[in-house]
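Here's the letter readout for the chains.
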Amino acid sequence: MEGVLVTGAASAALTGECVRCLEPITDEIEVELQELFVYDDQDHDSEEDDEVSMLEDDLLDLEPLLRDAVVLALPFQPVCEDDCPGLCPECGARLRDDPDHAHAEPIDPRWAGLAALAQDQQDQDRSTNRPE
Ligand SMILES: [Zn+2]
Ligand SMILES: [Zn+2]
């Protein structure tokens, strides 16, 4: 007598990106809905609390109900796979595609000058030792 009880299920397509590797993700979720839409009683004083869903004439607006249900069901931190390894902090490569990739040990900046010097020396040796 109070109103109309709406019960149902809805499915929605999701698109987004993995929080670890930024790969696009598509997924689907299904949510259950249940809400009582009360009759808009003219005599009722209008201090209605906003939480109550009202019938408008003979229509009910499912959108707020659906939106709330879907937003609550969305993953907070979507990932492409549960164990997504993310991106290489060194070069940004996607580690899932290239799990074994490695970087040469970075040269300690304090020794970088010596490395350049050694390279120069090698180049010189090579040019002086070149057979005539
Ligand atoms: Zn990922
Ligand atoms: Zn890398």
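Residues numbered from 1 in each chain as written. Chains lettered and ligands numbered in written order. Predicted model: local features only at pLDDT ≥ 70, side-chain atom pairs only at ≥ 80, totals over all residues. Heavy atoms only, no water.

Caption draft 1: Here's a closer look at the sheet that holds strand E3 (residues 53-54). Pairing within the open sheet is mixed, and its three strands lie in the order E1-E2-E3. The two strands at the open ends of the sheet, each matched to only one other strand, are strand E1 (3-17) and E3. As defined by bridge partners, strand E2 (residues 24-38) adjoins E3 across two bridges and the pair is classed as parallel. Within the sheet, the bridge partner assigned to valine 38 lies in E3 and is methionine 54. Across the sheet, helix H1 (residues 63-73) is in contact with E1 and E2; its angle to E2 comes to roughly 135°. (Pairing = 2+ DSSP bridges. Helix = DSSP H or I, 4+ residues; strand = E, 2+ residues; numbered from the N terminus. Contact = heavy atoms within 4.5 Å. Axes fitted to C-alpha atoms, helices over the stretch in contact; angles between N-to-C directions.)

Caption draft 2: Examining the nonpolar core more closely. Val6, Ala10, Leu14, Ile29, Val31, Leu33, Phe37, Leu55, Leu65, Ala69 and Val70 form the largest nonpolar core, which has 11 residues in total. Where this core is concerned, the elements lending two or more residues are E1, E2 and H1. It is E2 that contributes the most residues to this core, four residues altogether. Once you skip the residues sitting within four places of it in the chain, leucine 65 turns out to touch Leu33, Gln34, Glu35 and Phe37. (Core = buried A, V, L, I, M, F, W, Y, C linked by side-chain atoms within 4.5 Å. Buried < 20%, exposed > 50% of the residue type's maximum accessible area, 1.4 Å probe, protein only.)

Caption draft 3: Highlighting the coordination of the zinc ion (ligand 2). At this site the zinc ion (ligand 2) is bound by Cys88 (SG), Cys91 (SG), His101 (NE2) and His103 (NE2), with donor distances of 2.0 to 2.3 Å. Coordination at the zinc ion (ligand 2) comes from four donor atoms whose angles at the metal span 102 to 115°, giving a geometry best classed as tetrahedral. Ordering the donors of the zinc ion (ligand 2) by residue number gives the pattern C-x2-C-x9-H-x1-H. In this pair, cysteine 88 sits in the loop between H1 and helix H2 (112-129) while histidine 103 sits in the loop between H1 and H2, placing the two residues 15 residues apart along the sequence. (Donors = N, O, S within 2.8 Å, 3.2 Å for Na, K, Ca; no water. Tetrahedral: all angles 85-135°; square planar, octahedral: opposite > 155°, others 65-115°.)

Caption draft 4: How the structure looks around H1. Along H1, the positions that sit buried rather than exposed are Leu65, Ala69 and Val70. Down the axis of H1, the smallest arc covering the buried residues is 120°, so these residues share one side. What points out from H1, more than 90 degrees from its buried face, is the exposed set Glu63 and Val71. (Arc of directions from axis to C-beta.)

Caption draft 5: Representation of the coordination of the zinc ion (ligand 1). Bound to the zinc ion (ligand 1) on the protein side are Cys18 (SG), Cys21 (SG), Cys80 (SG) and Cys84 (SG), at distances that span 2.3 Å. Coordination at the zinc ion (ligand 1) is tetrahedral: its four donor atoms span angles of 105 to 116° at the metal. We classify cysteine 18 as buried; its relative accessible area is 0%.

As far as function goes, none of this settles anything; it's purely spatial.
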